[in-house]
Amino acid sequence: MASVPRSARRKDATRWPRMSSTFWAVVLLTALLVLYCGQLAAGTCEIVTLNKDSSQPRRTIARQTARCACKKGQIAGTTRARPACVDAGIVRKRQWCEMVPCLEDEGCDLLVNKSGWTCTQPGGRVKTTTAL
């Protein structure tokens, strides 16, 4: 019995359109780009959540969660009041001010128990940050 193409056997069958290799290359690259866009570049951070509580007078409690893609030997920290990847030794030794967590015009001081730091603005306003 001779070989008959499948489309010839069924009257309602249609042939798949032939796609060029360029088409499939574009489809593959698009899929890879979509997967890559969900990833952070190495050494960068982004803020995921930010909650502020101003229910107490003269006091605001802010909690933020950051997502970081740090390089080897780095860990998520704070630089210039923004999330950043910092040397892991700073966090291990709890020498928070070595991260340069405060803005340029602010002074950094460690808390007595090394659980965090304070940033003092020129006008006297103090921002206290504690690490979890």
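Residues numbered from 1 in each chain as written. Predicted model: local features only at pLDDT ≥ 70, side-chain atom pairs only at ≥ 80, totals over all residues. Heavy atoms only, no water.

## A word on the nonpolar core
Piece 1. Ranked by size, the top nonpolar core spans 7 residues in total: V86, I90, W96, M99, C102, W117 and C119.
Piece 2. Setting aside anything within four residues of it in sequence, one finds C119 in contact with P101, C102, E106, G107, R125, V126 and K127. (Core = buried A, V, L, I, M, F, W, Y, C linked by side-chain atoms within 4.5 Å. Buried < 20%, exposed > 50% of the residue type's maximum accessible area, 1.4 Å probe, protein only. Contact = heavy atoms within 4.5 Å.)

## Here's the deal with the layout of surface pockets
Piece 1. There is about 1,600 Å³ of room inside the largest pocket.
Piece 2. Around the largest pocket, the lining comprises 34 residues; the ones closest to its centre are A62, Q64, T128, T129 and T130.
Piece 3. When residues of the lining of the largest pocket are traced back to their parent elements, those giving at least two are strand 1 (44-53), strand 2 (61-69), strand 3 (74-79), strand 4 (82-87), strand 6 (116-120) and strand 7 (126-130).
Piece 4. With 7 residues, strand 2 is the largest single contributor of residues to the lining of the largest pocket.
Piece 5. Residues belonging to the lining of the largest pocket are distributed by class as follows: 19 nonpolar, 8 polar and 7 charged. (1 Å grid on protein atoms, 1.4 Å probe; cavity = no way out; pocket = protein on both sides within 12 Å on 5 of 7 lines; lining within 4 Å. Points joined across faces, edges and corners; volume = space filled by probe spheres on them. Helix = DSSP H or I, 4+ residues; strand = E, 2+ residues; numbered from the N terminus. Nonpolar A, V, L, I, M, F, W, Y, C, P; charged D, E, K, R; others polar.)

## Examining the state of the cysteines
Disulfide: a covalent bond connecting the sulfur atoms of a pair of cysteines.
Piece 1. For the coordinates displayed, the defined rule picks out 4 disulfides.
Piece 2. For C70, the disulfide goes to C85, at an S-S distance of 2.3 Å. Around the S-S axis, the bridge from C70 to C85 shows a dihedral of about -85° and counts as left-handed. Of the two residues, C70 is situated in the loop between strand 2 and strand 3 and C85 in strand 4; the sequence distance between them amounts to 15 residues.
Piece 3. On the basis of relative accessibility, which here comes to 28%, the residue C70 falls in the partly exposed class.
Piece 4. By relative accessible area, C85 is classed as buried at 13%. (Disulfide = S-S within 2.5 Å.)

## Looking at the sheet that holds strand 5 (residues 107-110)
Piece 1. What the 3 strands build is an open sheet, ordered 5-6-7; its pairing is antiparallel. Edge positions in the sheet fall to strand 5 and strand 7, since each has one partner strand and no second. The average angle at which neighbouring strand axes cross in this sheet is 20°, direction not considered. (Pairing = 2+ DSSP bridges. Axes fitted to C-alpha atoms, helices over the stretch in contact; angles between N-to-C directions.)

## Examining the pattern of salt bridges
Piece 1. On inspection of all chains with the given rule, the structure shows 2 salt bridges.
Piece 2. With its nearest N and O atoms 2.8 Å apart, the salt bridge here joins E46 to R67. One end of the pair, E46, is in strand 1; the other, R67, is in strand 2, with 21 residues separating them in the sequence.
Piece 3. A salt bridge links E106 to K127; the nearest nitrogen and oxygen atoms lie 3.0 Å apart. Highlighted residues: E106 in the loop between helix 3 (88-93) and strand 5 and K127 in strand 7, separated in sequence by 21 residues.
Piece 4. Since its relative accessible area comes to 10%, E106 is described here as buried. (Salt bridge = Lys/Arg side-chain N within 4 Å of Asp/Glu carboxyl O.)

By themselves these figures say nothing about function.
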